[in-house]
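One-letter residues, chain by chain:
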Amino acid sequence: MAIRLCLAILALAGPTLAGSNLRPSPAGSDASYDSKSFLVGNRRVALLSGSVHYFRIQPDDWRDRLVQTRLAGFNTVETPVPWNLHQPTRGEFLFDGAADLPRFLDLCHELKLLVILRVGPYVNAAVTSGGLPLWLGEDPRLLVRSANPKFIEAVHQYWAKLL
């Protein structure tokens, strides 16, 4: 049974598109699985994954950490994407410095590492409020981590910018 892992696995994608925060999956890189393994495009892949939290590492050290990950035998990097890092205040989005996710993904691509993104909204990852931005609590009618329409709307706005 094939499934589409919308940006869960970015398989050797090209450079980030201008005006977009993340790159789309390249043509033919749909991810699926069968009883034997994951498939990326038509290629069987055993995901050997290590966790690298880009936001906890100085951007100048990303290459070194990713090379070390590759040398350790991993072909995949798993990383959470904390919402509170990328949208610390309502309407303000950050994708620079330690929050430069497109640059981190470009380095992964360059080093031929697959990426599993955990975009949340709740990512846990031992970050404040599980990565949920504190401004969500400013509206008493917005119930976080629920099917509350105001929460769902805020999540969709974040995802629209991120993805």
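Please refer to the structure higher up on the page.
For clarity, every value in this text was computed on a predicted model and none was experimentally measured.

Novice: When you look at the sheet that holds strand 5 (residues 76-80) in this model, what are you seeing that I'm missing?
Specialist: Each strand in a sheet pairs with its neighbour through backbone hydrogen bonds, running either in the same direction (parallel) or in the opposite one (antiparallel). Spatially, 4-5-6 is the arrangement adopted by the three strands of the open sheet, whose pairing is parallel. Edge positions in the sheet fall to strand 4 (49-51) and strand 6 (114-118), since each of these pairs with one other strand and no more. Shown here is a sheet whose adjacent strand axes are inclined to one another by a mean of 25°, direction ignored. Relative to strand 6, strand 5 runs parallel, the two sharing five bridges. Bridge pairing in strand 6 links threonine 76 to leucine 114. Here helix 3 (residues 101-110) sits on the sheet in contact with strand 5 and strand 6, set at roughly 150° to strand 6.

Novice: Quick question: what am I supposed to make of the pattern of salt bridges here?
Specialist: A side chain of one charge can pair with a side chain of the opposite charge when the charged atoms of the two come close. Enumeration over the complete set of coordinates arrives at seven salt bridges. For arginine 63, the salt bridge identified is with glutamate 110, shortest N-O distance 2.8 Å. Within this pair, whereas arginine 63 is found in helix 1 (residues 62-71), its partner glutamate 110 is found in helix 3, the two being separated by 47 residues in sequence. Classification of arginine 63 as partly exposed rests on a relative accessible area of 36%. Assessed through its relative accessible area of 45%, glutamate 110 is described here as partly exposed. A salt bridge links aspartate 139 to lysine 150; the nearest nitrogen and oxygen atoms lie 3.6 Å apart. Within this pair, whereas aspartate 139 is found in the loop between strand 6 and helix 4 (149-162), its partner lysine 150 is found in helix 4, the two being separated by eleven residues in sequence. Accessibility expressed as a relative area gives 14% for aspartate 139, which makes it buried. Its relative accessible area of 33% is what places lysine 150 among the partly exposed residues. If you follow the salt bridges from partner to partner, you end up with Asp139, Arg141 and Lys150 in one network.

Novice: Any chance you could explain the nonpolar core here in plain terms?
Specialist: Note on soluble globular proteins: their nonpolar side chains tend to be buried together. Formed by 32 residues in total, the largest nonpolar core has its most connected members in Leu66, Val81, Trp83, Leu101, Phe104 and Leu136. Looking at this core, the elements that each hand over two or more residues are helix 1, helix 3, strand 6 and helix 4. Sequence-distant contacts of leucine 66, that is, excluding residues within four places in its chain, are made with Val52, Val77, Phe104, Leu107, Cys108, Leu111 and Leu113.

Calculation criteria
- Residues numbered from 1 in each chain as written.
- Predicted model: local features only at pLDDT ≥ 70, side-chain atom pairs only at ≥ 80, totals over all residues.
- Heavy atoms only, no water.
- Pairing = 2+ DSSP bridges.
- Helix = DSSP H or I, 4+ residues; strand = E, 2+ residues; numbered from the N terminus.
- Axes fitted to C-alpha atoms, helices over the stretch in contact; angles between N-to-C directions.
- Contact = heavy atoms within 4.5 Å.
- Salt bridge = Lys/Arg side-chain N within 4 Å of Asp/Glu carboxyl O.
- Buried < 20%, exposed > 50% of the residue type's maximum accessible area, 1.4 Å probe, protein only.
- Core = buried A, V, L, I, M, F, W, Y, C linked by side-chain atoms within 4.5 Å.

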